[in-house]
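# Structural overview
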Amino acid sequence: MGSTKTKTHDEQVTLLEQVIAKYQGQGRKALMQVLQEAQAIYGYLPLDVQRTVADGLGVSVAEVYGVITFYSFFSLNPKGAFEVSVCLGTACYVKGSQAILEKIEEELHIKAGECTPDGKFSINACRCIGACGLAPVIMVNEDVYGRLTPDQIPAILAKYKEA
Ligand code: FES
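Residues numbered from 1 in each chain as written. Predicted model: local features only at pLDDT ≥ 70, side-chain atom pairs only at ≥ 80, totals over all residues.

### Some points on helix α2 (residues 31-42)
In this model, α2 (12 residues) spans 16 Å end to end at C-alpha, consistent with the 16 Å of a helix rising 1.5 Å per residue. Where α2 is concerned, the buried positions are L31, V34, L35, A38, I41 and Y42. Projection of α2 onto a plane perpendicular to its axis shows the buried side chains occupying an angular sector of 120°, all on one side. Residues of α2 that are buried make contact with α1 (9-22), α3 (47-57) and α4 (61-70). Once α2 ends, the next one or two residues include G43, with phi positive near 90°. (Helix = DSSP H or I, 4+ residues; strand = E, 2+ residues; numbered from the N terminus. Expected span 1.5 Å × (residues − 1). Buried ≥ 20, exposed ≤ 12 C-beta atoms within 10 Å, placed from the backbone. Arc of directions from axis to C-beta. Contact = placed C-beta atoms within 7 Å.)

Written as structure tokens, this is what we have:
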């Protein structure tokens, strides 16, 4: 999985074709498995990959999309080396998480759901991460930061920019 970024697009296409060939004829029974392997190849599951998987297994794109959005370990968006998750759950929202998100977008020059061109950061707007007592909360990979104000954001991100 760690070598995802070193694969060329052609290599990724070939690997995905091999995965689909391995499960040929199994239809939707193999969908979860194929999607997991596809995500290991690409790092996330963009629309063209969803279409290839759907065609390969003979299921609809809507079904593939439904599975991806149901399980949180599947991602529709590219992930950076540091994924900044901003909780927009109710407790965080009422304590100003929208302003936190906007500050992060401004600092990284990307929007939620996007990845910086160098692959270092992505922003993920998420639901409650179970730390409501610390609202508003963000996570950078596994690191949790709570009771935030927007002016704390640059210093937090700077740590990872230098990493
Ligand atoms: S609402 Fe943000 S941690 Fe629960």
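There's more to say after this.
### Digging into the sheet that holds strand β4 (residues 143-145)
One open sheet accounts for 4 strands, arranged β2-β1-β3-β4; its pairing is mixed. The sheet is open, and its two edges are formed by β2 (121-126) and β4, each paired on a single side. Recorded for the sheet is a direction-independent mean angle of 20° between the axes of neighbouring strands. The pairing of strand β3 (residues 138-140) with β4 spans 3 bridges and is antiparallel. What sits directly across from V140, in β4, is D143. In this fold helix α6 (residues 97-108) packs onto β1 (82-87), β2 and β3, with an angle of close to 155° to the strand it touches most, β1. (Pairing = 2+ DSSP bridges. Axes fitted to C-alpha atoms, helices over the stretch in contact; angles between N-to-C directions.)

### Focus: the domain arrangement of the chain
When cut into domains, the chain gives domain 1 (4-70) and domain 2 (82-161). The C-alpha-based centres of domain 1 and domain 2 are spaced at 29 Å. (Domains from an automatic or database assignment.)

### What to know about the nonpolar core
Ranked by size, the top nonpolar core spans 16 residues in total, and within it V84, V86, I100, I104 and I138 carry the most contacts. Sorting the residues of this core by element identifies β1, α6 and β2 as the ones contributing at least two each. Setting aside residues up to four positions removed in sequence, V86 forms contacts with S97, I100, L101, I104, I123, A125, C126 and I138. Judged by nonpolar contacts, the second largest core, of 15 residues, contains A30, I41, V53 and L57. (Core = buried A, V, L, I, M, F, W, Y, C linked by C-beta atoms within 7 Å.)

### Section: the environment of G119
Take G119: it is sitting in the loop between α6 and β2. Since 15 C-beta atoms lie within 10 Å of it, G119 is described here as partly exposed. Between the alpha carbons of G119 and P78 there is a distance of 8.6 Å; along the sequence they are 41 residues apart.

### Quick notes on the packing of α2 against α4
Between α2 and α4, the shortest axis-to-axis distance is 11 Å and the interhelical angle comes to 70°. In terms of orientation, α2 and α4 fall into the roughly perpendicular class. Every pair of crossing elements has a handedness; the one defined by α2 and α4 is right-handed. Across the interface between the two elements, L31, M32 and L35 of α2 pack against V64, V67 and I68 of α4. (Parallel < 35°, antiparallel > 145°, perpendicular 65-115°, else oblique. Left-handed = near helix turned anticlockwise from the far one by under 90°.)

### Thoughts on the environment of R28
Following the sequence through the fold, R28 ends up in the loop between α1 and α2. When the 14 C-beta atoms within 10 Å are taken as the criterion, R28 is described as partly exposed. Sequence-wise, R28 and Y71 are 43 residues apart; in three dimensions their C-alpha atoms are separated by 16 Å. In contact with R28, other than residues within four places in its own chain, are L57, V59 and E63.

### Things to note about the pairing of β1
Pairing geometry for β1 and β2, over 6 bridges, is parallel. In the strand pairing of β2, F82 is matched with F121. As judged from the 3 bridges shared by β1 and β3, these two strands associate in the antiparallel manner. Along β3, the bridge assignment pairs V84 with V140.

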